[in-house]
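Each chain, written out:
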Amino acid sequence: MRFSFWAATVAASVLLSFPVYAMPPVEAFGNLPQVSAMRLSADGHHIAAIQPISGRPQVTIFSFGSSGVRQYAFTVQDGIARSVRWAGNGRLVAVYQENTKTRSDTELRNWQRAFSIDAEAKNPVRLMATSWVGTYNVHTGAVLDAPADDPTHVFMQALQAYAYGDPDTRLSRGKIKLNVFRVDLGNGHGEPAETGNDETVQWVMDGGGHAVARVDQDVNLHNVLMIGGGNSWRPVFSYGASDDVYVAGLMEDGAALAVVRRNQAGMLALYPLQLADGKIGPPLFSDPDVDLADVVTDEWTGRIIGVAYQKEKTEFTYFDPKRQALQRKLEALLPGQTVEIESVDASGDAYIVRSSSPRQPTIHQLFDPKSSQLSFLAAEYAALTGSDLGKMTTYTYKARDGLDIHAYLTLPPGKNPRRLPTIVFPHGGPEARDTLDFDWWAQFMAGRGYAVLQPNFRGSAGYGAKFRDAGNGEWGQSMQSDITDGVRKLIADGTADPNRVCIVGASYGGYAALAGATFTPDLYACTVAYAPVSDLEAMLGKEAKRRGENSLAMSYWQARIGDRFSDEKRLAAVSPARHADQVKAPILIVHSDKDVTVPIAQGQIEADALRAAGKQVEFVTLEGDDHYLEFADTRIKLLKEVERFLDAHIGDHATAGTAAH
């Protein structure tokens, strides 16, 4: 009875009614998901979620009782809700982010803060705010552990400065250590629980408030895994920063750590490292074709209970046979969809399940394991139906050197798939990948009448080290030609109209869009670049200033892009802003002014170079937003600008002479 009541009341509270449109308005795609990150409290009497309030992600709590369902909201001015997790039943920890400057900063930084609130979203307390530790740490939102037997405290990690024996001084005055704090959810105060050293970069907790492992990293980015606890630690495993090794957490049995590393075939796999002797056993998960994408943790213990990996869609495997059987049952109930167990109460009496497919945006449902019934809760994009969305299929082709490129093609609904105006839409990262799933931006363009190609070019994640490393030093070269070859294949197939092809991308995809317009100028009729990198040397210099010349981040980018000193000529050769004179087609650049990941200066450098070269360029600023399009109004503005620009240059209303030749 309680379960049925939940389903009816949450659906009534969360969902909105929308009229049916033959062509959905921009807002149907651009509005933020109506609900995400749903989490059940331990007793199942509350559900926390992230929902848009005034167009920004904020925290909502639904509480269930004899008088019905009540809904409460918690908002942080200028903050963006990032995650929620329960500490028992009474307190919720909500992590918020803001991209801003402090008085001592000359540049934007990504600040994260954690708040504790009660089940009615009242009595907020900012965690780790009672000392300098909470002031100088950019990130104080990392909850490492929330022991079930102590619902009034959580464990968090933060940098702590030491000078002349004083543990509570400003960061600039002493050495820094990454320590673990036991934090009171009632007043936010943190007491040191574990002390690292000058090289500690990671802690692993056991779900009960005890540290069982840590990772130390020296100035040469050499890592040492330490196991033990308290004052007794011993090194058991060493690896370099470029070795693709990561300690993911503690396994469910508490006897082994979960270590992610590459197997002999170069695929990311999951291995157990026994705490008793420090030995690594046979892999717990390994796939011959794809990398491990992520681990799955128990939300109440934090321990590793399964893995996620991406074939054409995301798949899940659990180590416990009962959990695995439940996953397969849910997949049978929701055939053809990506199915994920999103949350479960502490007793396992109720689950929240999220599912999606290319033509079904994510929905959230309650699952009763006793009756095996799913009951609808909420849809993230309730204004969209399957008939509004294009059919998405796999599209594999050969690159010019024979490498297989896996891509996805979305065809516009209701159109003959011949000689279509076409968008090539490379993903960001670039160490990421697209999958066979709903994509709000791609489906928006398909719904406006365009075929959309999303190629997983070399350098993309998920296909093993060899495929990933084939993109090293290949920005603007073979990574770009992989995209070009996909466009030419679509033209040869008769799907794409050769005179009406546009390249659109964001972040690295924005770089690829500018590179396409610059280095293959006769292929594209127009270009849209959101938050693009345009000058590689300048971007690397900015990263070095922000992260440190010898940081792990700079080591990564030097391997992927190149060294800004020794590779200066090559970087200049593939930087679109250095070759603006080669561009022929019009370009639209859109950039958020609070972008920390790719500063707005990168978009402005390109726009200035194009204007100086007498090229047709438009520059649109999204005010207040960051790299990841967090606000509804800026997402809608972006899509409206994209719609207008595409229609003018390759759409049905394109003026003569604007298409490529």
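The rules behind the values
Residues numbered from 1 in each chain as written. Predicted model: local features only at pLDDT ≥ 70, side-chain atom pairs only at ≥ 80, totals over all residues. Heavy atoms only, no water. Helix = DSSP H or I, 4+ residues; strand = E, 2+ residues; numbered from the N terminus. Rg over C-alpha atoms; globule rule 2.2 N^0.38 Å. Buried < 20%, exposed > 50% of the residue type's maximum accessible area, 1.4 Å probe, protein only. Contact = heavy atoms within 4.5 Å. Core = buried A, V, L, I, M, F, W, Y, C linked by side-chain atoms within 4.5 Å. Phe/Tyr/Trp six-rings, centres within 6.5 Å; stacked < 30°, edge-to-face > 60°. Lys NZ or Arg CZ within 6 Å of the ring centre and 35° of its normal. Pairing = 2+ DSSP bridges. Axes fitted to C-alpha atoms, helices over the stretch in contact; angles between N-to-C directions. 1 Å grid on protein atoms, 1.4 Å probe; cavity = no way out; pocket = protein on both sides within 12 Å on 5 of 7 lines; lining within 4 Å. Points joined across faces, edges and corners; volume = space filled by probe spheres on them. Nonpolar A, V, L, I, M, F, W, Y, C, P; charged D, E, K, R; others polar. pLDDT = per-residue confidence, 0-100.

**Topic: the overall build of the chain**
The secondary structure content of the chain amounts to 13 helices and 35 strands. A compact globule built from 661 residues should have a C-alpha radius of gyration of about 26 Å, and the chain, at 25 Å, falls within 12% of that. A buried classification covers 57% of the 661 residues belonging to the chain. Restricting to contacts in the chain with at least 6 residues of sequence separation, those with at least 24 account for 56%.

**Points about the nonpolar core**
Core analysis: the largest hydrophobic core is formed by 49 residues, its most contacted members being W475, Y511, Y524, L536 and I587. The element contributing the most residues to this core is helix 8 (residues 508-519), with 7 residues. Of all hydrophobic cores here, the second largest spans 37 residues; its members include A383, L384, L588 and V620.

**Some points on the environment of V212**
Positionally, V212 belongs in strand 15 (residues 211-217). Apart from the residues within four sequence positions on either side, V212 is in contact with V204, M205, D206, M226, I227, G228, W233, L250, L257 and L275.

**Regarding the packing of aromatic side chains**
Within the structure shown, the criterion is met by 19 aromatic pairs. One aromatic cluster in this structure is built from F457, W475, Y508, Y511, Y556 and W557. Sitting over the face of the ring of W233, R214 holds its NZ or CZ atom 5.1 Å from the ring centroid. The ring of Y271 has R261 sitting right over it, with the charged end atom 4.7 Å from the ring centre.

**Overview of the pairing of strand 14 (residues 200-205)**
Judged by how many residues are buried, strand 14 sits mostly within the fold: 5 of 6 residues are covered. Sheet analysis places strand 14 next to strand 15, joined by 5 bridges and oriented antiparallel. What sits directly across from V204, in strand 15, is A213. Linking two consecutive strands that pair antiparallel, namely strand 14 and strand 15, is a turn of 5 residues; a positive phi of about 90 degrees is found at G207 within it.

**A look at the pairing of strand 19 (residues 256-262)**
Among the 7 residues in strand 19, 6 count as buried, and that is most of the element. In terms of strand pairing, strand 18 (residues 246-250) meets strand 19 through 4 bridges, oriented antiparallel. Within strand 19, the position partnered with G249 by the bridge is A258. Where strand 18 hands over to strand 19, the hairpin turn is made up of 5 residues, of which G254 adopts a positive phi near 75 degrees. By the bridge criterion, 7 bridges tie strand 19 to strand 20 (residues 268-274) in an arrangement that is antiparallel. Directly across from A256, in strand 20, lies its bridge partner Q274. Between strand 19 and strand 20, which pair antiparallel one after the other, the connecting turn spans 5 residues, and G266 there sits at a positive phi close to 85 degrees.

**Overview of the sheet that holds strand 26 (residues 360-368)**
Taken together, 4 strands build an open sheet; the order of strands is 24-25-26-27 and the sheet is antiparallel. At either end of the open sheet lies a strand with only one pairing partner, and these are strand 24 (338-344) and strand 27 (373-379). Going across the sheet, the axis of each strand differs from the next one's by a mean of 30 degrees, ignoring polarity. Relative to strand 25 (residues 351-357), strand 24 is paired through 6 bridges, and the arrangement is antiparallel. The partner of V344 across the bridge, within strand 25, is Y351. Contacting strand 24, strand 25, strand 26 and strand 27, helix 4 (residues 321-333) runs over the sheet at an angle of about 125 degrees to strand 24.

**A look at empty space enclosed by the protein**
Under the criterion given, the structure shown has 1 cavity of 30 Å³ or more. For the largest cavity, the calculated volume is near 50 Å³. Along its surface, the largest cavity is lined by P430, E431, G459, R468, G471, N472, W475, M479, Y556 and R560. A breakdown of the residues in the lining of the largest cavity according to their chemical character gives 4 nonpolar, 3 polar and 3 charged.

**A short note on the side chain of E641**
Secondary-structure assignment places E641 in helix 13 (residues 632-649). Excluding anything up to four places from it in sequence, E641 contacts L588 and V620.

**Description of the confidence of the model for the chain**
Averaged over the chain, the pLDDT score is 92; the fraction of residues at 70 or greater is 93%. Low pLDDT (under 50) marks residues 1-21, which in the prediction has 51 contacts with non-local residues, meaning those over four places away or in another chain. Overall, residues 164-173 carries pLDDT values under 50, and its contacts beyond four positions in sequence, including any with other chains, amount to 21 contacts.

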